[in-house]
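Notes for the structure review
The residues making up each chain are set out below.
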Number of protein chains: 4
Amino acid sequence: MVLAYSGGLDTSVAIGWIAEETGAEVVAVAVDVGQGGEDLDTIRKRAIDCGAVEAVVADARDEFATEYCLPALQANALYMDRYPLVSAISRPVIVKHLVEAAKYHGATTVSHGCTGKGNDQVRFEVGIGALAPDLKCVAPVRDFAWTREKAISWANDRNLPIDVSKKSPYSIDQNVWGRAVETGFLEDIWNAPIEDVYDYTANPAEPRDADEVVITFDKGVPVAIDGETVTVLQAIQELNRRAGAQGVGRLDIVEDRLVGIKSREVYEAPGALALITAHQELENVTVERDLARFKRTVEQRWGELVYDGLWFSPLKDALDTFIAETQQYVSGDIRMTLHGGRAVVSGRRSDVSLYDFNLATYDEGDEFDQSLAKGFIQLWGLPSKIAARRAQR
Amino acid sequence: MVLAYSGGLDTSVAIGWIAEETGAEVVAVAVDVGQGGEDLDTIRKRAIDCGAVEAVVADARDEFATEYCLPALQANALYMDRYPLVSAISRPVIVKHLVEAAKYHGATTVSHGCTGKGNDQVRFEVGIGALAPDLKCVAPVRDFAWTREKAISWANDRNLPIDVSKKSPYSIDQNVWGRAVETGFLEDIWNAPIEDVYDYTANPAEPRDADEVVITFDKGVPVAIDGETVTVLQAIQELNRRAGAQGVGRLDIVEDRLVGIKSREVYEAPGALALITAHQELENVTVERDLARFKRTVEQRWGELVYDGLWFSPLKDALDTFIAETQQYVSGDIRMTLHGGRAVVSGRRSDVSLYDFNLATYDEGDEFDQSLAKGFIQLWGLPSKIAARRAQR
Amino acid sequence: MVLAYSGGLDTSVAIGWIAEETGAEVVAVAVDVGQGGEDLDTIRKRAIDCGAVEAVVADARDEFATEYCLPALQANALYMDRYPLVSAISRPVIVKHLVEAAKYHGATTVSHGCTGKGNDQVRFEVGIGALAPDLKCVAPVRDFAWTREKAISWANDRNLPIDVSKKSPYSIDQNVWGRAVETGFLEDIWNAPIEDVYDYTANPAEPRDADEVVITFDKGVPVAIDGETVTVLQAIQELNRRAGAQGVGRLDIVEDRLVGIKSREVYEAPGALALITAHQELENVTVERDLARFKRTVEQRWGELVYDGLWFSPLKDALDTFIAETQQYVSGDIRMTLHGGRAVVSGRRSDVSLYDFNLATYDEGDEFDQSLAKGFIQLWGLPSKIAARRAQR
Amino acid sequence: MVLAYSGGLDTSVAIGWIAEETGAEVVAVAVDVGQGGEDLDTIRKRAIDCGAVEAVVADARDEFATEYCLPALQANALYMDRYPLVSAISRPVIVKHLVEAAKYHGATTVSHGCTGKGNDQVRFEVGIGALAPDLKCVAPVRDFAWTREKAISWANDRNLPIDVSKKSPYSIDQNVWGRAVETGFLEDIWNAPIEDVYDYTANPAEPRDADEVVITFDKGVPVAIDGETVTVLQAIQELNRRAGAQGVGRLDIVEDRLVGIKSREVYEAPGALALITAHQELENVTVERDLARFKRTVEQRWGELVYDGLWFSPLKDALDTFIAETQQYVSGDIRMTLHGGRAVVSGRRSDVSLYDFNLATYDEGDEFDQSLAKGFIQLWGLPSKIAARRAQR
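Residues numbered from 1 in each chain as written. Chains lettered and ligands numbered in written order. Predicted model: local features only at pLDDT ≥ 70, side-chain atom pairs only at ≥ 80, totals over all residues.

An unreviewed UniProt entry lists chain A under the name Argininosuccinate synthase, with Actinokineospora spheciospongiae as the source organism. UniProt, in its Catalytic activity (unreviewed entry) section for chain A, records the words "L-citrulline + L-aspartate + ATP = 2-(N(omega)-L-arginino)succinate + AMP + diphosphate + H(+)". In the Pathway (unreviewed entry) part of its UniProt record, chain A is described as follows: "Amino-acid biosynthesis; L-arginine biosynthesis; L-arginine from L-ornithine and carbamoyl phosphate: step 2/3." (UniProt positions renumbered as here; feature names shortened; annotations may be inferred.)

Now the structure itself:
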């Protein structure tokens, strides 16, 4: 059995507990998607100490940035027009590593720590089903009513090398694309978040100097920041740092879960939101109108699909080919001011811009033939006019 | 002939010029949509002084707020996900008054001051065609290459009571829903806007204390602010004042015009954006998931239609019935912090909320049956899994 | 407990079996949606004889026609562009009667005869949940692995008044909107249907004289056939008879079930398809272009929702208001030839037509100003042209 | 100047007339898209005889089939759910040859014979603008009010080698994808078409034996008919012949033109409609559900775009990449009966089918775990149920 392993209390305890319950040998798999915290070696050692027959640790940060965050950026993916799919896009990359480990070690089952009322269980299990249709899934918290209290007691009984005293009042998930916080007093949706829930962002209300940044894109890929070449991962990290320092990227919404309920979520995604804002405006300059309009429809469906756990699905693949085609001219610079919780575009330039000064200007050099408009308007409005005549009959 | 009259240089001169050119008697029609500036009597008198046989002035502010701004709010209308359609929704209400005046005075033609490369000419003429299919339209700037220089010289020659010295470097349109600024140095899209272009909003970067506001909606209509009952017009005005004072609502985008070109626009819409933000979050709490998802498709189409001059059209009417149906439970309070250019929702409460603490909580009182999820996930992912098996064959 | 009762073997046996298994008193509810077969009194009597404490029989044919078939007609509802939702729209009306009976008799549970791999279980249970959130559902075939063999043996043991010898090789569902046939040799999707599977339609390949019919609609409602006033039910019945006699309305498709699998289905819906064909063409004549284009998007979503069991849902209600708005001018006559399996429109006339001979004609009387086209084309193609120039840079 | 040349009266006369009016040398370009009629050499000679300095004739039938008809087939392109875009897809291929000729011969202007109220002028000129933004367009019929009567008189005066006596009462356009007929008595939309208007199809009402055909697709491309390998062109031609002989493919609709009016059109497209019907059903078997659902949205937009003259546009290119991705598994055989005007699929088989007998069957071998459905239904219906509880509060 392969176990999605975080290094924390619940999954550490799960190693031994599952082994005992099912008789299976447990291979622990920990994937670094930029969540920070302990180093992978420490995590690997703990898994072995807790009874894993093998522990696989993978630094998937670059893979996550280029194969998961970048498509989300190019899709301007904001579920419900707000949420940049922080957890939703990390599950598929973890799934990929779980499935690889399962195939390598000949496992027949994958175990994960999700509850039965969230989205992540769907993302894990549907993803596993799509990559390895014959693997079975088990979720102790959901399937065996495993609880934190039981885990602590189990750890104490067996003297496992885990600190059981740490207890966040929140449920937290984080990676390089952002950070999600839920539960606790936030479950009362009239309560405002307090500063304590935030970690990636400084308080936007505190006075500080503005930060101006120029982000360079090449075919939809962020390739430089202030003229310095960066990888996608570096672009996100750098903007997490700089936009986060300005309090950019906080979100607080009531969102529609796939399992049919509404939940209240607080997010921080400074790099993701700064990049998406810049990318959207560069698209405004370089993507043709009808294409841009239809892309919004594609973006909405992309966001819903990925939120709903269907990253590995035929529709997702086909939407990706559409989006890839739209990016071929999304190249140029976006100048942006980061300040007081805002990421505001103040300038854009591109060698492949569709903005044409000579067509747009009202000054000298105007090349737009205004006499064309009269015929355009007449035919553009003709269906409404005919309908109006009918209504007056 | 009926003339859309602003009281400014161009349309004041147009009165006499058109009369002379066409031999028609000119009825000037000025509509107050909250643009501020001179009072209607002054404007009326000037029109007569400039040669109008009649001058109609209408205070359409409440009408504009309830019949034009409110539908835009309920549609969360943001063209290209950004622009709250400031000018786009004011044209139809002006059209309505122009057509009424034309019918009352027996005019056969309507004249307006738009150029031949903007959206507003389309909105005027398509709107007029849809309300009065037999009225003709004429646009001196576009159709007779009338220019500002000609207007000044004409006014001086005839000693018209107009101050020809005032000249904004920008082209400006404003009403209670917002303010649009274009042209000038902004036509270079790498140039950042300067403070000088703004009028409805204070500089968001300046330190000041935050302002907290509670907006109450009843079936999608803002009915109270901080507990005080307001009309829709008052809600917009009050939030223009308070959100504007915090620098909320500035926009700077390159946008796709209907006539086929991209143009650079700067907007201020503090009240509109604060209200839309609040309304969206109240919908998140009170509108069912599938309805909310499809409403986004409707909203996008609504925004495109209205931007494209089709306010008076059969499709717009049908989209409105859809949106009206979605608003029946959009009732409750949104608490919002206005500060530093941000309008951030921090709390929501509603008697008709679909957020169910007992389903959402991870604490005691959880009523969600987690055992249901397993079957759900299996069938939800079944098509992807079957497709995956096929791909592996 | 309330039981959805058909009068057939399975549900007749279910009365006693459920009573015995659960200790509940069973109220049998039979709903006539035009499925033909035995009269309601016979069915009622059999339910009592089989052990029901009460048997409710409802002639819901007119209700089904006006409240379920008519909305489907106005939505031109064809799932996967083919299937007129025969079974999908009958489940909600049955659900309504089940819930009414449950409330009247104080039942806490509703039982139905569906299997666990079809769509109808979803339509029943989601519908019941939406009308009476507190009612529980039970499906013996699915939940207790009840089988036909067990049912026969149970009936024989207890000497129930049921003929157990009749056994169709197919699974059949029928009502006034159409007839669905599945399973048996049709499960091999390379097999062609044989004449034996059809009942509502004659063999289209047999020679016979054509039948010409004129259908009159008033605001989207079929109100007369060949000049004779009809109710909606009568319109469907009359066209079932006449179109069915010409072999119109056979369908054979592989379709995507909500539960994630593809299944092969054969349908007959002569009246439904003749009416939808006529209605679509009358819409072509009377509905404005942009409205017609968006209505297709609404129609597709409507069909998916209803197929997926969400008849009673907020989105369905909102789509219905959109569709209702589109029907206000769908009035006029459609002349149609029914022959050889085809229902072909050959003429249309309407007092509220948007087809304007004087604009369309190439003969004398042409009122279309062709000089307008040049400007229209230039601006219509401008975004593509600008993009082409960019691609050539 | 390059002239789109058909060989008929109007464009033959146009050669000399345009040369005289404009002083330009005229290069006539005739493109064979399978319209039948005279051979290209005859047409070439006539152009020269009528005064062309050069005449280019191109057999574009294979190019048209593979680069224009095939994408339409893969998009299941039916404008208004009916019309397979016969003329709409032939204009772009003609445009391509016109532009090539213009570049080769150094022309600055392209001339075509369209009127000012149809769609084809848009398709020609927008297409030309997208391939060669600097070419000018001129349409004598529209721009100079050139008429048939003037053309006949001009031809007679100059003794041109053209038979001016032939005069169809209809306006006809045809190619291998189908045939369009309009005007004449069909402009009265209550009139039925008479047999006389048809040429590609026999009368479906006449008795004859049915024809059974098996069409083999490989990744969405028709590659064999009854086991015989065919090119795309041959597939269309063969099915034009066989489906046409059975009266398949007649259409009679009132359609929405881009220029804002409704027109009545009669089409014949036996091969196109037989192929689309077969292709749709093979997609039903091989394309995953969510992908199939979204593909309908893409198909509708594709059809509108192409109808509206935007074949060469960024959105069209992006939609094509989406569609291409959907075709990778659309492989297998469709068996179809052609008879009495119907093309009916009766069998389908595919090595990459997603139809799974063992999941679909109700007989032995059923592998579907029905116990999963209960949880699925509960969560699927949960949002409606919560909304229902709210409505009852």
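Picking up where we left off.
A word on the overall build of chain A
When helices and strands are tallied, chain A shows 14 helices and 14 strands. Considering only C-alpha atoms, chain A reaches an extent of 85 × 55 × 45 Å along its principal axes. Restricting the contact set of chain A to residue pairs at least 6 apart, pairs at least 24 apart contribute 73%. (Helix = DSSP H or I, 4+ residues; strand = E, 2+ residues; numbered from the N terminus. Contact = placed C-beta atoms within 7 Å.)

Considering the pairing of strand β12 (residues 262–268) of chain C
Walk down a regular strand and you will see the side chains alternate between the two sheet faces. Residue and element names in this part refer to chain C. Counting buried positions along β12 gives six out of seven residues, so the element sits mostly inside the fold. Alignment of strand β7 (residues 178–182) against β12, held across three bridges, turns out to be antiparallel. By the bridge assignment, Ala180 is partnered in β12 with Tyr267. Bridge count between strand β11 (residues 250–256) and β12: seven bridges; the pairing is antiparallel. By the bridge assignment, Leu251 is partnered in β12 with Tyr267. (Buried ≥ 20, exposed ≤ 12 C-beta atoms within 10 Å, placed from the backbone. Pairing = 2+ DSSP bridges.)

Let's talk about the UniProt feature "binding site: L-citrulline" (unreviewed entry) in chain A
In the numbering used here, UniProt assigns the feature "binding site: L-citrulline" (unreviewed entry) to A:Tyr83, A:Asn119, A:Arg123, A:Ser171, A:Glu255 and A:Tyr267. Not counting the four nearest positions on each side in its chain, A:Tyr83 is found in contact with A:Leu78, A:Leu251, A:Ile253, A:Glu255 and A:Tyr267. Of note, A:Glu255 is situated in strand β11 (residues 250–256). In this structure A:Glu255 comes out as buried when scored by C-beta crowding, with 21 C-beta atoms within 10 Å. Setting aside residues no more than four positions away along its own chain, A:Glu255 makes contact with A:Met80, A:Tyr83, A:Lys262, A:Ser263, A:Glu265 and B:Asn284.

Concerning the environment of C:Ser313
With respect to the helices and strands, the residue C:Ser313 is situated in the loop between α10 (289–307) and α11 (314–326). When the C-alpha atoms of C:Ser313 and C:Asp81 are compared, they prove to be 22 Å apart, with 232 residues separating the residues in sequence.

Quick look at the pairing of strand β3 (residues 54–59) of chain B
Residues and elements named next belong to chain B. Of the strand pairs in this sheet, strand β2 (residues 27–32) and β3 are connected by six bridges, and their pairing is parallel. Bridging from a neighbouring strand, Val29 pairs with Val56 of β3. Crossover β2 to β3 through helix α2 (residues 40–49) is right-handed. (Right-handed = clockwise from strand over helix to strand, strands pointing away.)

Focus: α11(C)
Compared with an ideal rise of 1.5 Å per residue, which puts 13 residues at 18 Å, α11(C) spans 19 Å between its outermost C-alpha atoms and is within 8% of the ideal. Residues of α11(C) that are buried make contact with α10 (289–307) and α11 (314–326) of chain B, α3 (61–74) and α10 of chain C together with α14 (382–392) of chain D. (Expected span 1.5 Å × (residues − 1).)

Focus: the relation of the copies chain A and chain B
When chain A is fitted to chain B, the best match, at an RMSD of 0.0 Å, comes from turning it 180° and sliding it 0.0 Å along the axis. Look at the turn and shift together and you get a two-fold axis relating the two. In terms of C-alpha distance to the rotation axis, chain A has A:Gly340 as its closest residue, with the C-alpha 3.1 Å off the axis. In this assembly the copies share their binding face: 100% of the residues contributing to the interface of chain A also contribute to that of chain B. (Least-squares fit on C-alpha atoms with pLDDT ≥ 70 in both.)

Section: the domain arrangement of chain A
On domain assignment, one finds that chain A holds domain 1 (2–166), domain 2 (172–287 + 329–349) and domain 3 (357–392). A C-alpha centroid distance of 58 Å is found between domain 1 of chain A and domain 3 of chain A. (Domains from an automatic or database assignment.)

Thoughts on the interface of chain A and chain B
Chain A puts 77 residues into the contact, and the matching count from chain B is 77 residues. Its residues placed into classes, the side of chain A that touches chain B shows 36 nonpolar, 22 polar and 19 charged. (Nonpolar A, V, L, I, M, F, W, Y, C, P; charged D, E, K, R; others polar.)

Concerning the packing of helix α3 (residues 61–74) of chain B against helix α8 (residues 232–245) of chain B
Residues and elements named next belong to chain B. The geometry of α3 relative to α8 is characterised by a closest axis approach of 8 Å and an angle of 85° between their N-to-C directions. Between α3 and α8, the angle falls in the class roughly perpendicular. Contacts from Arg61, Asp62, Ala65, Thr66, Cys69 and Leu70 of α3 reach α8 at Val232, Leu233 and Ile236. Each residue belonging to the contact of α3 with α8 can be placed in one class, and the counts come to six nonpolar, one polar and two charged. (Axes fitted to C-alpha atoms, helices over the stretch in contact; angles between N-to-C directions. Parallel < 35°, antiparallel > 145°, perpendicular 65-115°, else oblique.)

Details of the sheet that holds strand β5 (residues 136–138) of chain B
Residue and element names in this part refer to chain B. Pairing in this open sheet of five strands is parallel, and the strands run β3-β2-β1-β4-β5 from one edge to the other. At either end of the open sheet lies a strand with only one pairing partner, and these are β3 and β5. Geometrically, the sheet is characterised by an average inter-axis angle of 25° between neighbouring strands, direction not taken into account.

Comments concerning the relation of the copies chain D and chain C
Taken as rigid bodies, chain D and chain C are interconverted by a rotation of 180° and an axial shift of 0.0 Å, the fit giving an RMSD of 0.0 Å. Both copies share a contact surface, since 100% of the interface residues of chain D are interface residues in chain C too.

Looking at unusual backbone geometry
Residue A:Leu85 is not a glycine yet carries a positive backbone phi of 65°. Relative to the assigned elements, A:Leu85 resides in the loop between α3 (61–74) and α4 (86–105). Even without a glycine there, the phi angle at D:Asn76 is positive, about 45°. Looking at where D:Asn76 falls in the secondary structure, it is placed in the loop between α3 (61–74) and α4 (86–105). A residue is classified by how many C-beta atoms lie within 10 Å of it, and D:Asn76, with 21 of them, is buried.

Quick look at the environment of D:Met80
Among the secondary structure elements, D:Met80 is positioned in the loop between α3 and α4. In the structure, D:Met80 is positioned 220 residues away from D:Gln300 in sequence and 8.3 Å away in space, judged by C-alpha atoms.

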